[in-house]
Amino acid sequence: MSTKQPTPNPTQSSAALQSSFQTLLENYQTTIPARVKLIDSFLLFIFLSGVLQFAYRILITSYPFYAFAGGFGSTVGQFVLLAGLRAQVAPGRDGEFKQVSQERAFADFCAASVILHLFAFNFLG
Amino acid sequence: MAPKGKSPAATPSKNTPISTPLAKKATEDPLAKAIIVEDEEIPSGTVTPKTIKLAYPLPEHISSTTINNTESLLRFVILALICGAAIGSRLFAVIRFESVIHEFDPWFNFRASKVLVNEGFYEFWNWFDPTAWYPLGRTVGTTLYPGLMVTAGLIWHFLRLINMPVDIRNVCVMLAPGFAGLTAWTTYLFTKEMSTPAAGLLAAAFIGIAPGYISRSVAGSYDNEAIAIFLLMAAFYTWIKAMKTGSALWGMLTALFYGWMVAAWGGYVFITNMIPLHAFVLILMGRFNNRLYTAYSSWYVIGTISSMQVPFVEFLPIRTSEHMAALGVFGLLQLIAFVEIVRRLVPGKQFQLLLRAFVVLVFVVSFAALVVLTFSGWIAPFAGRFYSLWDTGYAKVHMPIIASVSEHQPTAWPSFFFDLEMLIFFFPAGVFWCFKELRDEQIFIIIYATLSAYFAGVMVRLMLVITPVVCVAAAIAFSKLLEAYIDPVIPESEDEIEEATAHQPMSKAKAKKIAAARQNKGEFNFTGILGGKGNKGIFGLDTRFAVVSVLSLFLFLFVYHCTWVTSSAYSSPSVVLASRNPDGSQNIIDDFREAYYWIRQNTEKDAVVMSWWDYGYQIAGMADRPTLVDNNTWNNTHIATVGKAMSSNEDVAYPILRKHDVDYVLVIFGGLLGYSGDDINKFLWMVRIAQGEWPDEVQEVNYFTQRGEYAVDERATPTMKNSLMYKMSYYRFHELFGGHPAQDRVRGQTIPSTGIQLDTLDEAFTSENWIVRIYKVKKEDPIGREHKAVSSFEGGKKLKKSASSITAASGGKKSRPNM
């Protein structure tokens, strides 16, 4: 920021906020390719699943704690691995990922997910 | 010597006449061999060939594939030789004595491994040992780090599978050298990522024989550190690869090695904090990118969930402060990644500002939540043993057991040289080179170096953690130095450049720059390698020869020092001692095993043995009897009880002994031989630990003379003289000296010749050199008398009116002197 901007009054800032939000949604619809949107929807699903499990633990019981830990851990883990995959297939990835092709990224993701779920499954019992 | 230069006529036809002055200069110099190579095209379109002068001739006409293949072969052979050297230098103890498990802790690991291979994995995982910490017992399955035993078990099974069965004892003894070879290879890979493969080879050689690592990984030292350092370097290598490539596969491999390390050693907390610290520093430097995100996230989730599989660790990663840094950085990375994604979609400046505020707010809120959870106790604060690393005075006051361990004392500076020799001076130079290039992976070295330098200064045991990074950094510095002096290219001197440029057509801008540079000659500039200017290197063959030969001498001295240190200081099995007879032949002192085997063969199967906790694992391993306390030191009160029994007089100690069903008491006494690691030297720690529990009954000050000396001769205080430990150590000691004054060789004091009377203990066994002394506890008297009365009756004294009167009349009727 080179010049000092005058502090915007609340109505101005909320209007600006709304317009930026709309820009966000528009850009999301248009610029993001379909496979990344697919990953995003899966991310949303995992996020909701994790929130539900945590709410259950807080509101109802934490009784089989190992089961909760295993289940919640696997949602967090899968979410994060998926987010990594998203970063590796989204447009603009070539600058950052020189040694990992998109196919290799997917294979890595599968391998890591299998190992993650193996450990989570072992934890449940 | 005929001039080796080529005449201009023999050069390739690509020459232009403008280059003649340079070529002439080359032919005039008899020592330089000129190679004419093509230079890059300058914009004006003319090609100016550049003459590269070499200090010594290189073979020509070798294709690059041959060079690459030869390099790879050489590297492979060198690495194999380094592994061989690493294994070989750890075998001193096995060759001198025998293949036996050393020291104290490895005996427990050995016992656990025997249970694993003899009874199976299920029995091992759910093992409850009723003979340790009698009568409490110990749930071994959940209170140990199973990584080492499981690794040894897997190797044992594998060898049996290929029809080469090896006894479990030999597998355990030779495990550490084997893994040391693997560590050398992993360090090579790690350093190759930081610098050149040549530096990698140097680093592998250094860590193969550096005494700092050998001290905990000789053959026979079957302890957690044997595989832990290999896993440490492997985890760090895979982390660097993950961060460089951004591949989740490498992140997963890091997590798997990390999980194995969690299973193997309590020092895994170091990795748990190093990797997040590295990621955090990169974020602060503005070097966040998606590779870092992928690598860290895949490591954190798989690593944490795999570390929770170990029963000893279980929920520690989410409940203790030591792991909160990793969780914090994980959350921060998620936030930053989310913000980056949104930022790419929305170019508005204002929204960005709001978003940054949002990130800061979330960070502050979660940090506050963390602090609240910590203070409310849901998240445990730093464990004592880690807290004492920050507050070094803490342990002596609050946890005397941890303060008493000799490995936990602060490091004296000679240990750095003893354990690392010349590496310790090259180490800062290597860190400097990392600063010079400052790639992402080199920041890791800088952080590792700083952190481990602090820890190594705080605790001797942590010299092990600094050794890898010292080897890597020293190798980088050493290799840069060698490279500079071995590289045969001779740089052009400044006069040559001036001459050349004077004859070349050049753009106006270049001419201006050179004129400006000439003007600026007044101000300070770095010269040589640091100058960063175009031409850098070494002139002349004599400088090269001098420096390279001096560096080679350093390397030879390093090897000599390391081998000598290993041979003299770190190859002692502690179970077997050796000394020289007057005629020079070796005299093996095998008292420990003699005594333990006596117990094994001459006592009942369930006879309980009481000794100080140092020897608990050895007694359980070799004598196979229940013990009261052992090296696990998990129950401070139980240890304090033993300490109280050892430091009190017989009247107080006997009920404690009977209450715990103790049949035999074992003490280590070095006074005859000069063995200074005996129990009388450790006695003050017993007193301090007991005082921690019963400050009214046991006071350390009572064991010192009026002048504050720790005396065992006639100046010793009555409390000292009546304590069980004193009596057991010096019982019948004066009989060895046949009338002459009894000399305690370790303390250098004369023990009074008035005999010591033991009422409640019978001497059962004393080993050949009086190092181990075993006493049997007398059962209650069948007619209900006090033991003191019994012995005074048998000594011929008249029965007193009140049998329990302690204040015996000094001029009481004695017909015979006390025995």
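Computed from a predicted structure; not experimentally measured.

Cut-offs applied
- Residues numbered from 1 in each chain as written.
- Chains lettered and ligands numbered in written order.
- Predicted model: local features only at pLDDT ≥ 70, side-chain atom pairs only at ≥ 80, totals over all residues.
- Heavy atoms only, no water.
- Helix = DSSP H or I, 4+ residues; strand = E, 2+ residues; numbered from the N terminus.
- Contact = heavy atoms within 4.5 Å.
- Areas by Shrake-Rupley, 256 points an atom, 1.4 Å probe, with all protein chains shown as cover.
- Buried < 20%, exposed > 50% of the residue type's maximum accessible area, 1.4 Å probe, protein only.
- Phe/Tyr/Trp six-rings, centres within 6.5 Å; stacked < 30°, edge-to-face > 60°.
- Lys NZ or Arg CZ within 6 Å of the ring centre and 35° of its normal.
- UniProt positions renumbered as here; feature names shortened; annotations may be inferred.
- Expected span 1.5 Å × (residues − 1).
- Buried area = accessible area lost by both parts, 1.4 Å probe.
- Salt bridge = Lys/Arg side-chain N within 4 Å of Asp/Glu carboxyl O.
- Polar contact = N/O pair within 3.5 Å; in protein donor to acceptor, adjacent residues only side chain to side chain.
- Nonpolar A, V, L, I, M, F, W, Y, C, P; charged D, E, K, R; others polar.
- Pairing = 2+ DSSP bridges.
- Domains from an automatic or database assignment.
- Axes fitted to C-alpha atoms, helices over the stretch in contact; angles between N-to-C directions.
- Core = buried A, V, L, I, M, F, W, Y, C linked by side-chain atoms within 4.5 Å.
- Patch = residues over 30% accessible without salt bridge, like charges linked within 9 Å, V, L, I, M, F, W, Y side chains within 5 Å.
- pLDDT = per-residue confidence, 0-100.

Is there a simple way to explain the overall build of chain A in this structure?
When its secondary structure is counted, chain A shows 4 helices and 0 strands. The N-to-C order of helical and strand elements in chain A reads α-α-α-α. Of the contacts formed within chain A by residues at least 6 apart in sequence, a portion of 66% connects residues at least 24 apart. Of the roughly 8,000 Å² that chain A leaves accessible, carbon and sulfur atoms contribute 67%.

Sorry if this is basic, but what is going on with the overall build of chain B here?
Within chain B, the regular secondary structure consists of 36 helices and 13 strands. Sorting the 819 residues of chain B into buried and exposed places 48% on the buried side. Partitioning the contacts of chain B with sequence separation of at least 6, the portion at a separation of at least 24 is 71%. For chain B, the accessible surface area stands at approximately 39,000 Å², while carbon and sulfur atoms represent 62% of it.

Hey, could you run me through the packing of aromatic side chains in this one?
The way to describe two aromatic rings as a pair is by their centre distance and the angle between their planes. Applying the stated rule across the entire model yields 57 aromatic pairs over all chains. Here the aromatic rings of B:Phe432 and B:Trp433 are separated by 6.1 Å at their centres, their planes lie at 65 degrees, and the arrangement is edge-to-face. We classify B:Phe432 as partly exposed; its relative accessible area is 42%. Relative to B:Tyr664, the ring of B:Trp598 lies with its centre 6.4 Å away and its plane at 80 degrees, an arrangement referred to as edge-to-face. Separated by 66 residues along the polypeptide, B:Trp598 in helix α29 (residues 591–602) and B:Tyr664 in strand β9 (residues 662–668) bring together distant segments of the chain. What makes B:Trp598 buried here is its relative accessible area of 19%. Looking at B:Tyr664, the relative accessible area reads 5%, which means it is buried. In textbook terms, an aromatic cluster arises when at least three aromatic residues are bridged by ring pairs, as seen for A:Phe54, A:Phe65, A:Tyr66, A:Phe68, A:Phe72, A:Phe123 and B:Phe315. Sitting above the plane of the B:Trp694 ring, B:Lys644 keeps its charged end 4.6 Å from the centroid.

Looking at this structure, I do not really get the UniProt feature "transmembrane region" (unreviewed entry) in chain A. What am I missing?
Mapped onto this structure's residue numbering, the UniProt feature "transmembrane region" (unreviewed entry) falls at residues 42–59, 65–85 and 105–124 of chain A. Measuring from the first to the last C-alpha atom of residues 42–59 of chain A gives 26 Å, for a span that is 100% helix and 0% strand.

Can you walk me through helix α23 (residues 440–458) of chain B in this structure?
Within an α-helix, residues lying three or four positions from one another point in the same direction, as the helix has 3.6 residues per turn. Taking 1.5 Å of rise per residue, the 19 residues of α23(B) would be expected to cover 27 Å, and the 28 Å separating its terminal C-alpha atoms lies within 8% of that figure. Most of α23(B) sits out of view: 14 of its 19 residues are buried.

Help me understand the interface of chain A and chain B in this model?
It is common to give the size of an interface as the accessible area lost on bringing the parts into contact. Across the contact, 39 residues belong to chain A and 37 residues belong to chain B. Together, the buried faces of chain A and chain B total about 3,200 Å²; carbon and sulfur atoms form 71% of this surface. Contact with chain B buries area across many residues of chain A, yet A:Glu96, A:Phe119 and A:Phe123 alone supply 18% of it, more than any other trio. One can count 0 salt bridges joining chain A with chain B. Between the two partners, chain A and chain B, sit 8 residue pairs in polar contact (both at pLDDT 80 or more). Elements with a minimum of two residues in the side of chain A that touches chain B: α1 (10–31), α3 (65–89) and α4 (102–124) of chain A. The leading source of residues in the side of chain A that touches chain B is α3(A), at 13 residues. Classifying every residue of the side of chain A that touches chain B gives 25 nonpolar, 9 polar and 5 charged.

Help me out: how do you make sense of the side chain of A:Thr75 in this one?
Locating A:Thr75 in the fold gives a position in helix α3. Non-local contacts of A:Thr75, meaning those with residues more than four positions away in its chain, are made with A:Ile46, A:Ser49, A:Gly50 and A:Gln53.

What is the right way to look at the pairing of strand β12 (residues 761–766) of chain B in this model?
For a regular strand, side-chain orientation follows a simple rule: the groups alternate between the two sheet faces. Residues and elements named next belong to chain B. Inspection of the sheet shows β12 paired to strand β13 (residues 772–777) by 5 bridges, in the antiparallel sense. If you follow phenylalanine 765 over to β13, its bridge partner there is isoleucine 774. Turn length for the β12-β13 hairpin, with the two strands adjacent in sequence and antiparallel, is 5 residues, and the turn residue tryptophan 770 shows positive phi of about 60 degrees.

What exactly am I supposed to notice about the domain arrangement of chain B here?
What the domain assignment lists for chain B is domain 1 (227–381) and domain 2 (588–800). Relative to domain 2 of chain B, the C-alpha centre of domain 1 of chain B lies at a distance of 52 Å.

Would you mind going over the sheet that holds β13(B) with me for this structure?
Pairing between the strands of a sheet is mediated by backbone hydrogen bonds and can be parallel or antiparallel. Residues and elements named next belong to chain B. One open sheet accounts for 4 strands, arranged β8-β9-β13-β12; its pairing is mixed. With partners counted over all chains shown, the strands left at the sheet margins are β8 (608–610) and β12, one partner each. The sheet shows a mean angle of 30 degrees between the axes of neighbouring strands, direction not considered. Across 3 bridges, the pairing between β8 and β9 is parallel.

Any chance you could explain the nonpolar core here in plain terms?
Here is a general trend for soluble globular proteins: nonpolar side chains tend to be buried in one another's company. Residues and elements named next belong to chain B. The biggest cluster of nonpolar side chains holds 238 residues, and the ones touching the most others in it are Phe190, Phe236 and Tyr296. A total of 15 residues in this core trace back to one element, the largest contributor, which is helix α24 (residues 463–486). Two domains share this core, each providing at least three of its residues, namely domain 1 (227–381) and domain 2 (588–800). Residues within four places of phenylalanine 190 in sequence aside, it is in contact with Met233, Phe236, Tyr237, Ile240, Phe444, Ile445 and Val472.

Whenever I open this one, helix α2 (residues 34–59) of chain A confuses me. Can you help?
When the terminal C-alpha atoms of α2(A) are compared, their 37 Å separation across 26 residues agrees well with the 38 Å that a helix rising 1.5 Å per residue should span. Those residues of α2(A) that sit buried are A:Val36, A:Ile39, A:Asp40, A:Leu43, A:Ile46 and A:Gly50.

Would you take a moment to explain the side chain of B:Thr254 for this structure?
Residues and elements named next belong to chain B. Relative to the assigned elements, threonine 254 resides in helix α12 (residues 248–264). In this structure threonine 254 comes out as buried when scored by relative accessible area, which is 0%. Other than its neighbours up to four places away in sequence, threonine 254 contacts Ala235, Thr238, Trp239, Ala242, Ile275 and Trp299.

I keep staring at a nonpolar patch on the surface and nothing clicks. Help me out?
All names here are of chain A. On the surface, Phe54, Tyr56, Ile58, Leu59 and Ile60 cluster together to form a nonpolar patch covering roughly 570 Å² of accessible area. Examined against the element boundaries, phenylalanine 54 turns out to sit in helix α2. Relative accessible area serves as the criterion here: at 37%, phenylalanine 54 is assigned to the partly exposed category.

Any chance you could explain the environment of B:Phe455 here in plain terms?
Residue and element names in this part refer to chain B. With respect to the element layout, phenylalanine 455 can be found in helix α23. Phenylalanine 455 sits in the buried class, given a relative accessible area of 12%. For the pair formed by phenylalanine 455 and threonine 467, sequence separation is 12 residues and the distance between their alpha carbons is 12 Å. Apart from residues lying up to four places away in sequence, phenylalanine 455 is in contact with Phe270, Leu389, Trp390 and Leu462.

What exactly am I supposed to notice about the confidence of the model for chain B here?
Residues and elements named next belong to chain B. Residues with a pLDDT of 70 or more make up 84% of chain B, whose mean pLDDT is 83. Scored below 50 in pLDDT, residues 36–47 makes 19 contacts in the model with residues more than four places away or belonging to other chains. Taken together, the stretch residues 804–819 has pLDDT below 50 and engages in 10 contacts with residues farther than four places along the chain or on a different chain.

Please explain the pattern of salt bridges as it appears in this structure.
Here the idea is simple: oppositely charged side chains can pair when their charged atoms come close. All names here are of chain B. Tallied over the full model, the rule gives 31 salt bridges over all chains. Its salt-bridge partner being aspartate 590, residue arginine 593 comes within 3.0 Å of it at the nearest N-O pair. Using a relative accessible area of 28% as the deciding quantity, one classes aspartate 590 as partly exposed. Its salt-bridge partner being arginine 707, residue glutamate 709 comes within 3.5 Å of it at the nearest N-O pair. Salt bridges sharing common partners tie together Glu193, Lys241, Lys244, Glu437, Arg439, Glu441 and Lys480.

What is the right way to read the environment of B:Ser217 from this model?
Residue and element names in this part refer to chain B. With respect to the helices and strands, the residue serine 217 is situated in the loop between α10 (211–214) and α11 (225–245). When its relative accessible area of 0% is taken as the criterion, serine 217 is described as buried. Along the chain, serine 217 and leucine 481 lie 264 residues apart, while their C-alpha atoms are 31 Å from each other. Leave out the neighbours within four places in its chain, and serine 217 touches Arg90, Ala176 and Pro177.

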